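What the coordinates show
One-letter residues, chain by chain:
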Amino acid sequence: ALVADARDLLMPAPDPSVDGLFQAVHESARTPQDAGTLCTLFDPDAERSLDGYSQIASQLSEQSRARFADAATNFFLTAAQSPRQPYDANLATQALKAAGVRAALLNDGFLPGLNGGDHAARCRSVGWLMDAVAARPVGERASVMRLLLSQGIEYLSLGASTQR
């Protein structure tokens, strides 16, 4: 039920509130302690469950937790009061790929870091990717964030169905 509710809220949320979630993640990733904590989500053996996400959230700094709480509150309130927003997953995928190309061109070691087994290198590459996404317009950032969130929701939904 929680996963279905999250899906129902993702599409009506206006771009600025979805971007608020991105900005909360991006700002937290700029703090070394919080970046290391967030980057554990990108490790191949990461615990991608509601409990896992909750555990990671509890390890963030107080400032990051407050930032996420504010962004999530705004997201949920505006999503509950708004009609479905236009969204094209293919365009979001292209925007994410374009950000990846930009990050690769600007940062030596981006691709090996992103695809390799070194946690610190992966974390650095994810930060570079987020910086590239942050340089794009609000609508594009929101589109990419919707894509990533919908994939995360789908992953949680698949995990919940296999645990039954």
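Quick caveat: nothing in here was measured; it's all calculated off a predicted structure. (Residues numbered from 1 in each chain as written. Predicted model: local features only at pLDDT ≥ 70, side-chain atom pairs only at ≥ 80, totals over all residues. Heavy atoms only, no water.)

Our next topic: the overall build of the protein chain. In terms of helices and strands, the protein chain carries 9 helices and 0 strands. Taking contacts inside the protein chain between residues at least 6 apart in sequence as the whole, the part at least 24 apart equals 76%. Carbon and sulfur atoms make up 57% of the accessible area of the protein chain, which amounts to about 9,400 Å² in all. (Helix = DSSP H or I, 4+ residues; strand = E, 2+ residues; numbered from the N terminus. Contact = heavy atoms within 4.5 Å. Areas by Shrake-Rupley, 256 points an atom, 1.4 Å probe, with all protein chains shown as cover.)

In this structure, Arg 84 sits in the loop between helix H5 (62-80) and helix H6 (89-106). With a relative accessible area of 60%, Arg 84 lands in the exposed category. On a C-alpha basis, the gap between Arg 84 and Ala 13 in space is 7.3 Å, while along the polypeptide they are 71 residues apart. Once residues within four sequence positions are removed from consideration, Arg 84 is found in contact with Met 11 and Pro 12. (Buried < 20%, exposed > 50% of the residue type's maximum accessible area, 1.4 Å probe, protein only.)

What follows is about the state of the cysteines. Scanning the entire structure with this criterion turns up 1 disulfide. Linked covalently through their sulfurs, Cys 39 and Cys 123 form a disulfide whose S-S length is 2.1 Å. With the S-S dihedral at roughly 75°, the linkage between Cys 39 and Cys 123 falls on the right-handed side. On the criterion of sequence distance, the pair formed by Cys 39 in helix H3 (residues 32-39) and Cys 123 in helix H8 (residues 119-134) is long-range, its members being 84 residues apart. For Cys 39, a relative accessible area of 6% corresponds to the buried category. Relative accessible area serves as the criterion here: at 14%, Cys 123 is assigned to the buried category. (Disulfide = S-S within 2.5 Å.)

Moving on, we get to the side chain of Ser 64. Relative to the elements of secondary structure, Ser 64 occurs in helix H5. When its relative accessible area of 1% is taken as the criterion, Ser 64 is described as buried. Separated by 2.8 Å, the side chains of Ser 64 and Ser 28 make a polar contact. Sequence-distant contacts of Ser 64, defined by excluding residues within four places in its chain, comprise Ser 28 and Asp 34. (Polar contact = N/O pair within 3.5 Å; in protein donor to acceptor, adjacent residues only side chain to side chain.)

All right, on to the packing of helix H2 (residues 15-29) against H5 then. If you want to describe how two helices pack, look at the angle between their axes and the distance between the axes. Look at H2 against H5: their axes get within 8 Å of each other, and the N-to-C directions meet at 170°. Taken as axis vectors, H2 and H5 run roughly antiparallel relative to one another. Between H2, through Ser 17, Val 18, Gly 20, Leu 21, Gln 23, Ala 24, Val 25, Glu 27 and Ser 28, and H5, the contact on the second element is made entirely by Ser 64, Arg 67, Phe 68, Ala 71, Ala 72, Asn 74, Phe 75 and Thr 78. Along the lines of polarity and charge, the residues of the contact of H2 with H5 split into 8 nonpolar, 7 polar and 2 charged. (Axes fitted to C-alpha atoms, helices over the stretch in contact; angles between N-to-C directions. Parallel < 35°, antiparallel > 145°, perpendicular 65-115°, else oblique. Nonpolar A, V, L, I, M, F, W, Y, C, P; charged D, E, K, R; others polar.)

Counting residues in hydrophobic clusters, the biggest one holds 20 residues, and the most contacted among them are Ala 13, Val 18, Leu 21, Phe 75, Ala 99, Val 133 and Met 145. Listed by contribution, the elements that provide at least two residues to this core are H2, H5, H6, H8 and helix H9 (138-162). For this core, the element with the highest residue contribution is H2, accounting for 4 residues. (Core = buried A, V, L, I, M, F, W, Y, C linked by side-chain atoms within 4.5 Å.)

On the surface, a cluster of nonpolar side chains totalling about 350 Å² of accessible area is made up of Val 101, Leu 105 and Leu 106. Classification of Leu 106 as exposed rests on a relative accessible area of 57%. (Patch = residues over 30% accessible without salt bridge, like charges linked within 9 Å, V, L, I, M, F, W, Y side chains within 5 Å. Salt bridge = Lys/Arg side-chain N within 4 Å of Asp/Glu carboxyl O.)

Position of Asp 34 relative to the elements: it lies in helix H3. Within the buried core, Asp 34 has no salt-bridge partner, and the shortest N-O distance to an opposite charge, that of Arg 67, equals 5.3 Å. When near neighbours in sequence (up to four residues on either side) are disregarded, Asp 34 contacts Ser 28, Gln 59, Leu 60, Ser 61 and Ser 64. (Lys, Arg positive; Asp, Glu negative; His and termini not counted.)

Right, let's talk about the confidence of the model for the protein chain for a bit. On average, the protein chain scores 86 in pLDDT, and the residues at 70 or more come to 87%. Per-element mean pLDDT across the protein chain ranges from 63 in helix H1 (residues 2-10) up to 95 in H6. Across residues 159-164 the pLDDT falls below 50, and counting only partners more than four positions away or on other chains, this stretch makes 0 contacts in the model. (pLDDT = per-residue confidence, 0-100.)

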